[in-house]
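# A structural walkthrough
So the chains spell out like this:
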Amino acid sequence: MLTVREIMTPGAVTIAPDATIGDAIELLLGRGISGLPVVDRNGALVGILTEFALLALAYDQAIANESVASHMTRDVLTVEPTDAVSRVADLCVVHRVRRVPVTQSGRLVGLVTRRDVLRALCQPQPGVAAASAG
């Protein structure tokens, strides 16, 4: 069974809940990413902030000065490093999310994206014979 630990990105880029939306946008654009796990000072996952949520800026530029905490999603779907990759796929499909934080004992330890899942599923697995073409 392929596990989350094998495909996750450890040390994901994060942001603090008291950072501004402007800071978050700079970080997203500067790193070329589409979402940020929000962690407190102890490394505990407290939310997630996505590009989708930041589109509110199109309606009110003053939002750039508001806190990340005021715009983050607090009810975050997570997986553990020992979970099967299929669990991440299920969450992505059912809940239409692009990324799933990986937590252990409440602390963020990594991130898995839909692309990570696809990449893992399309790579030949050790010990599995490839199908012949004819």
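Scroll up for the structure.
Residues numbered from 1 in each chain as written. Predicted model: local features only at pLDDT ≥ 70, side-chain atom pairs only at ≥ 80, totals over all residues. Heavy atoms only, no water.

### Comments concerning the nonpolar core
Of all hydrophobic cores here, the largest spans 14 residues; its most connected members are Ile15, Ile21, Ala24, Val38, Leu49 and Val68. Where this core is concerned, the elements lending two or more residues are α2 (21-31) and β2 (35-39). Residue contributions to this core peak at three residues, all from α2. Discounting chain neighbours no more than four positions away, the residues touching Ile21 are Leu49, Leu54, Ile63, Ala64, Glu66, Ser67, Val68 and His71. (Core = buried A, V, L, I, M, F, W, Y, C linked by side-chain atoms within 4.5 Å. Buried < 20%, exposed > 50% of the residue type's maximum accessible area, 1.4 Å probe, protein only. Helix = DSSP H or I, 4+ residues; strand = E, 2+ residues; numbered from the N terminus. Contact = heavy atoms within 4.5 Å.)

### Things to note about unusual backbone geometry
One non-glycine residue, Arg96, lies in positive phi territory at about 55°. Assignment of secondary structure puts Arg96 in the loop between α4 (85-95) and β4 (99-104). Take Arg96: its relative accessible area is 74%, and that puts it in the exposed class. With phi around 55°, Ser105 is a residue other than glycine that occupies positive phi space. The topology assignment puts Ser105 in the loop between β4 and β5 (107-113).

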